[in-house]
Amino acid sequence: MRTLIVLRHAKAAQVPGLADRERPLTDRGERDARRVGDELRAAGLDPDVVLCSPALRTRRTAELAFPGAEISYERDIYEAYPEELLELVRRADPGLGTVVLCGHNPGVHELALALAAGDYAFRPGAYAVIGVDSPWEELHPGEGRLISHWDPKEHGDLKDH
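Residues numbered from 1 in each chain as written. Predicted model: local features only at pLDDT ≥ 70, side-chain atom pairs only at ≥ 80, totals over all residues. Heavy atoms only, no water.

Caption draft 1: Structural view of the side chain of arginine 2. With respect to the helices and strands, arginine 2 occurs in strand β1 (residues 2–8). No salt bridge is formed by the buried arginine 2; its nearest oppositely charged neighbour, glutamate 137, is found at 6.5 Å. Apart from residues lying up to four places away in sequence, arginine 2 is in contact with Pro94, Leu96, Gly97, Ile130, Gly131, Val132, Asp133, Ser134, Pro135 and Trp136. (Helix = DSSP H or I, 4+ residues; strand = E, 2+ residues; numbered from the N terminus. Buried < 20%, exposed > 50% of the residue type's maximum accessible area, 1.4 Å probe, protein only. Lys, Arg positive; Asp, Glu negative; His and termini not counted. Salt bridge = Lys/Arg side-chain N within 4 Å of Asp/Glu carboxyl O. Contact = heavy atoms within 4.5 Å.)

Caption draft 2: Local environment of the nonpolar core. Membership of the largest hydrophobic core comes to 27 residues, with the highest contact counts inside it found for Val6, Val99, Leu101, Phe122, Ile130 and Trp136. Taken together, the elements giving at least two residues each to this core come down to β1, β2 (49–52), α3 (82–90), β4 (98–103), α4 (107–115) and β5 (127–132). With residues up to four places along the chain from it excluded, the contact list for isoleucine 130 reads Arg2, Thr3, Leu4, Val6, Ala112, Leu115, Ala116, Gly144, Arg145, Leu146 and Ile147. (Core = buried A, V, L, I, M, F, W, Y, C linked by side-chain atoms within 4.5 Å.)

Caption draft 3: Focus on the sheet that holds β4. Taken in spatial order, the 6 strands make up an open sheet running β3-β2-β4-β1-β5-β6, and their pairing is mixed. Every other strand in the sheet has two partners, leaving β3 (71–73) and β6 (144–150) as the edge strands with one partner each. In this sheet, neighbouring strand axes are inclined to one another by 20° on average, regardless of whether the strands run parallel or antiparallel. Where β1 meets β5, 6 bridges bridge the pair, whose relative direction is antiparallel. Residue pairing in the sheet places threonine 3 in a bridge with glycine 131 of β5. Packing against the sheet, α4 makes contact with β1, β4, β5 and β6, and its axis sits at approximately 150° to β1. (Pairing = 2+ DSSP bridges. Axes fitted to C-alpha atoms, helices over the stretch in contact; angles between N-to-C directions.)

In structure tokens, the structure reads:
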């Protein structure tokens with residue numbers, strides 16, 4: 001079995017006059033990104049590769065969540081439709097067991113739902129762990145199983161959410 005972790009970047013700041021791609025994480029976003037990595041490591045999930053949008057908020061989320069991991073910055077993730085994200089996952093090395101896709105809504109949420117249906121929100125910092133039996137290159141909608149979903153707003157201290 002292969003594992004796909006679909007991750008939405010953590011909470012980003014809205015900064016007037018700053019290009020969308022350059023939006024930084026908030027302090028809460030930085031904490032939540034670290035928590036993502038802690039939660040996944042506690043579940044025994046270490047990525048073989050992280051496919052990541054080049055936007056600052058996704059890069060920082062991936063760096064904090066997966067220190068030392070191989071991160072591949074893919075410009076096609078930014079503003080991608082779920083079909084485009086699925087195509088990117090299909091191009092993953094066949095020998096990889098765990099792939100993270102770190103991107104933006106609505107694409108990442110729609111991809112997770114297309115692969116493994118469910119009823120959950122995908123707020124900043126949320127992820128879905130999806131089990132996949134087929135090889136990456138043969139992955140199609142409906143072929144995944146939702147193993148778990150995590151949302152920082154549903155876990156831990158809510159006072160700053």
